[in-house]
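What follows is the residue order along each chain.
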Amino acid sequence: MYITVIGTGYVGTVTGACLAYLGHHVICVDTDAAKIEALQRGETPIYEPHLDKLLELAAHQGGIEFTTELGSAVAASDVIFIAVGTPARETGEPNLEYLEAAARSIGAAMDEKRFRVVVNKSTVPVGSGNLVETLVREGIQEGRIGNPPQVGNLPHIRFGVASNPEFLREGSAVTDSLYPDRIVVGTSDEETLRIMRELYRPLAEQSFPAPPSVPRPALMTSAPLFTTSLTSAEMIKYAANNFLAMKIGFANEIGNICDRVGADVTEVMQGIGMDSRIGSKFLNAGLGWGGSCFGKDIQALVHTAREYGYNSKLLEASLEVNCDQRQLVIQKLQEKLQILKGRTIGLLGLAFKPDTDDLRDAPALQIASRLLSMGARVRAYDPIAMPVCRKQYPDLKLRYCESVDELAAEADALVLVTEWREFRDLDLTKLARSMTRAVLIDGRNLYAPEKAIAAGFNYAGMGRSGAQAPLALHSSSMK
């Protein structure tokens with residue numbers, strides 16, 4: 001098929017690359033000329049593992065183009081994806097101005113030559129499918145004003161609208177796109193559904209050859225395509241993200257209680273994760289979630305609930321717990337160092353999660369800002385995100401380090417913020433010896449407490465006060 005993807009951000013670029021790799025011809029459109037020029041040169045706008053290689057393969061499969069010209073792209077396409085940003089306003093309500101502009105522009109560019117499907121790929125509030133249909137129709141009318149057909153009435157332009165939410169994890173987006181848990185398509189139109197089924201047939205049947213860099217998971221032979229109404233598909237996206245955020249928040253709440261009663265939250269979460277009704281994923285206590293999705297999507301659903309007269313207490317509490325969790329790092333540093341003014345604190349990681357350079361709602365930024373306001377000297381090392389941080393936050397007075405060794409040298413404390421793979425096998429003994437005060441706040445519970453303590457660190461995890469008890473008892477028994 002011929003596909004247009006409007007928006008070359010995270011979702012749009014990954015979606016376009018994967019659809020082109022499956023054999024569809026894809027045109028990615030964006031109003032940002034600099035971004036389009038970079039993509040035309042083969043430069044990706046985001047850091048995402050395997051995306052650059054997939055784009056190269058996609059160019060030789062169905063083919064992929066990048067342009068700022070929306071009209072010609074829409075005219076040539078069977079399916080048009082809207083993958084623009086929907087950032088939160090101060091009220092929590094999503095800002096839909098980019099969505100609205102895209103929908104009107106699609107309508108203005110349509111003609112009567114073929115039936116087209118307009119797909120909401122952006123995360124949009126419930127009811128947006130109906131809104132997009134109305135805006136496309138308005139765009140059709142506006143596109144004919146001043147240039148009416150010479151004979152007869154306005155042409156009969158046929159289109160359908162679908163909701164097709166994405167469930168991509170940053171750092172694993174290519175894998176999640178090619179090997180999805182499920183494909184959700186919401187529509188009430190049979191022709192639209194038929195086209196979407198055909199579009200996704202290679203994914204649903206897993207009939208495509210796996211890219212060399214992204215092998216197909218063992219035992220995966222198909223992906224379920226789940227069809228719903230427009231409204232239900234929109235709600236599925238919000239419900240999924242809100243539930244995952246609450247699951248992380250629950251782990252953090254239990255971790256905070258574990259700190260007080262002397263239990264180890266990693267053991268507790270492992271124990272409850274074995275229950276098939278609960279599952280082990282997203283039960284890691286730590287600094288809380290970040291990124292562009294969870295906070296925005298919770299606020300959006302809270303706002304929607306209020307519009308319908310409902311107070312969603314669980315969702316509001318999830319936001320509060322996540323905010324408080326970042327302050328715990330400051331408290332733990334104060335417990336270990338007492339005075340933070342003049343102390344040197346090193347942050348291991350800046351990105352909100354590994355395998356991305358995304359700093360949106362990253363815990364590291366709030367922690368760094370708080371420490372700087374308290375008079376601390378803050379250093380940072382991140383294997384990928386430092387150039388982005390320099391560019392996006394030029395006023396943040398961080399000292400950027402080129403290695404973990406430089407970060408730790410004569411520092412008073414280290415805070416593990418992002419669990420990058422390279423941080424797992426650090427020589428903790430060497431780092432501790434290079435520091436003025438060997439304090440380690442393990443914000444992601446990456447290290448075994450007994451190993452960190454044996455290396456010479458004054459260690460604190462998140463919800464792991466009980467993890468040191470067996471070591472202490474063993475030490476006493478050896479005396």
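The rules behind these values
- Throughout, residues of each chain are indexed from 1 in the direction in which the sequence is written.
- With pLDDT at 70 or above as the cut-off, local features in this predicted model cover only qualifying residues; side-chain atom pairs require 80 or more to be listed or tallied, and sums for whole chains, interfaces and linings still use all residues.
- Remark: hydrogens and water are excluded; side-chain values derive from all non-hydrogen atoms of the structure.
- Under the scheme used here, helices are H or I runs from DSSP no shorter than 4 residues and strands are E runs no shorter than 2 residues, and both carry numbers assigned from the N terminus.
- With C-alpha atoms as the basis for the radius of gyration, the globule rule is written as 2.2 Å multiplied by the number of residues raised to the power 0.38.
- Burial here depends on accessible area, computed with a 1.4 Å probe over protein chains only, as a share of the maximum for the residue type. Under 20% is buried, over 50% is exposed, and the range in between is partly exposed.
- Contacts between residues were defined by any pair of non-hydrogen atoms, one from each residue, lying within 4.5 Å.
- Areas reported here follow the Shrake-Rupley algorithm with a probe of radius 1.4 Å; residue values treat only the protein chains shown as occluding.
- In this count, Lys and Arg are taken as positive residues and Asp and Glu as negative ones, while His and the chain termini are left out.
- Charge positions come from single atoms, namely NZ of Lys, CZ of Arg, CG of Asp or CD of Glu.
- Strand pairing is assigned whenever DSSP identifies at least 2 bridges connecting the two strands.
- Throughout, an axis means a line fitted to C-alpha atoms (over the contacting stretch in the case of helices), and angles, computed between N-to-C directions, take values from 0 to 180 degrees.
- Any N or O atom pair separated by 3.5 Å or less is treated as a polar contact, with the protein-specific requirement of one donor-capable and one acceptor-capable atom, and with residues adjacent in sequence counted only for side-chain atom pairs.
- Here a Phe, Tyr or Trp ring, Trp counted by its six-membered ring, pairs with any other such ring whose centre lies within 6.5 Å, and the pair is stacked when the planes are under 30 degrees apart, edge-to-face when over 60, and tilted otherwise.
- Geometrically, a charge over a ring is one whose NZ (Lys) or CZ (Arg) sits within 6 Å of the ring centre while staying within 35 degrees of the ring normal.
- Crossover handedness is defined by viewing with both strands directed away from the observer: a clockwise path from the first strand over the helix to the second marks the crossover as right-handed.
- Using only the protein atoms, space was sampled on a 1 Å grid; points where a 1.4 Å probe fits but cannot get out form cavities, open sets with protein on both sides within 12 Å along at least five of seven lines form pockets, and lining residues are those with an atom within 4 Å of a point.
- Grid points are joined across faces, edges and corners, and a volume is the space filled by probe spheres set on the points.
- Polar here means any residue outside two lists: the nonpolar Ala, Val, Leu, Ile, Met, Phe, Trp, Tyr, Cys and Pro, and the charged Asp, Glu, Lys and Arg; Gly therefore counts as polar.
- A pair is scored as a salt bridge if a Lys or Arg side-chain nitrogen falls within 4 Å of a carboxyl oxygen belonging to Asp or Glu.
- Each angle receives one of four descriptions, namely roughly parallel if under 35 degrees, roughly antiparallel if over 145, roughly perpendicular if within 65 to 115, and oblique otherwise.
- Whether a crossing is left-handed or right-handed is set by the direction in which the near helix is turned from the far one by less than a right angle, anticlockwise for left-handed and clockwise for right-handed.

(A) Looking closely at the overall build of the chain. Helix and strand counts for the chain come out as 19 helices and 14 strands. Taken over the C-alpha trace, the chain has a radius of gyration of 25 Å; the compact-globule value for 479 residues is 23 Å, and the two agree within 12%. The C-alpha extent of the chain, read off along each of the three principal axes, is 100 × 45 × 45 Å. When burial is assessed residue by residue, the chain has 54% of its 479 residues classed as buried. The long-range share in the chain, meaning contacts at least 24 apart out of those at least 6 apart in sequence, stands at 73%. Of the roughly 22100 Å² of accessible surface on the chain, a fraction of 51% belongs to carbon and sulfur atoms. Of the charged side chains in the chain, 49 are positive and 57 negative, and the gap between their average positions amounts to 4 Å.

(B) Representation of the sheet that holds strand β9 (residues 344-348). With parallel pairing, the six strands of this open sheet are ordered in space as β11-β10-β9-β12-β13-β14. In this open sheet, the two strands that pair with only one neighbour each are β11 (399-400) and β14 (458-460). Bridging between β9 and strand β10 (residues 377-381) involves five bridges; their strand directions are parallel. Bridge pairing in β10 places Ile 345 opposite Val 378. Lying on the sheet, helix α13 (residues 313-337) is in contact with β9, β12 (413-416), β13 (439-442) and β14; it crosses β13 at an angle near 160°. On top of the sheet, helix α14 (residues 363-373) reaches β9 and β10; it is set at about 175° to β9, its chief contact.

(C) Layout of the environment of Tyr 179. Relative to the assigned elements, Tyr 179 resides in the loop between α7 (173-178) and β7 (183-186). Overall, the relative accessible area of 6% leaves Tyr 179 in the buried class. Sequence separation of Tyr 179 and Glu 190 is eleven residues, and the distance between their C-alpha atoms is 26 Å. Looking at Tyr 179, its side chain comes within polar contact range of the main-chain oxygen of Val 214, at 2.6 Å. Only 3.4 Å separates the side chain of Tyr 179 from the backbone nitrogen of Arg 216, close enough to count as a polar contact.

(D) Structural context of the packing of aromatic side chains. Here the structure, examined in full by the defined rule, presents four aromatic pairs. Both rings, one in Tyr 381 and one in Phe 423, keep their centres 6.1 Å apart while their planes meet at 55°; by these two values the pair is tilted. Linking Tyr 381 in strand β10 with Phe 423 in the loop between β12 and α17 (428-434), this pair joins segments that are 42 residues apart in sequence. Among the aromatic residues, those joined into a cluster by ring pairs are Tyr 21, Tyr 179 and Phe 208. Over the aromatic face of Phe 167 sits the side chain of Arg 182, whose NZ or CZ is 3.7 Å from the ring centroid. Against the face of Phe 208 rests Arg 216, its NZ or CZ located 4.7 Å from the ring centre.

(E) Here's a closer look at α14. Listed as buried for α14 are Pro 363, Ala 364, Leu 365, Ile 367, Ala 368 and Leu 371. Considering only its buried residues, α14 is in contact with α13, β9, β10 and α15 (386-392). Two residues or fewer past α14, Gly 375 is found with a positive phi of approximately 90°.

(F) Fine view of the pairing of β9. For β9, the buried fraction is high: five of the five residues fall into the buried class. Burial along β9 is two-sided: Thr 344, Gly 346 and Leu 348 and Ile 345 and Leu 347, pointing in opposite directions, are all buried. A crossover connection joins β9 to the parallel β10 through α14; in handedness this β-α-β unit is right-handed. Relative to β12, β9 runs parallel, the two sharing four bridges. Note that in β12 the partner of Gly 346 across the bridge is Leu 414.

(G) Just the layout of surface pockets, in detail. Taken as a whole, the second largest pocket spans an internal volume of roughly 1400 Å³. Gly 9, Tyr 10, Lys 35, Gly 85 and Arg 360 are the residues nearest the centre of the second largest pocket, which is lined by 49 residues in total. Residue assignment for the lining of the second largest pocket shows that the elements contributing at least two residues are α1 (10-21), α5 (97-109), α12 (294-307) and α15. By residue class, the composition of the lining of the second largest pocket is 21 nonpolar, 17 polar and eleven charged.

(H) Broad picture of the side chain of Glu 48. In this fold, Glu 48 is placed in the loop between α2 (33-40) and α3 (51-60). Buried charge without a salt bridge: Glu 48, with Lys 353 as the nearest opposite-charge side chain at an N-O distance of 7.7 Å. From its side chain, Glu 48 meets the backbone nitrogen of Ser 172 in a polar contact 3.1 Å long. Ignoring any residue separated from it by four or fewer positions in sequence, one finds Glu 48 in contact with Tyr 10, Arg 169, Glu 170, Gly 171, Ser 172, Ala 173, Val 174 and Asp 355.

(I) Geometry of the packing of α12 against α13. Interaxial distance between α12 and α13 falls to 10 Å at its minimum, and their mutual angle equals 150°. In terms of axis orientation, α12 runs roughly antiparallel to α13. In the packing of α12 onto α13, the handedness of the crossing is left-handed. On α13, the residues touching Gly 295, Ile 298, Gln 299, Leu 301, Val 302 and Arg 306 of α12 are Leu 315, Glu 316, Ser 318 and Leu 319. For the contact of α12 with α13, the per-class residue count stands at five nonpolar, three polar and two charged.

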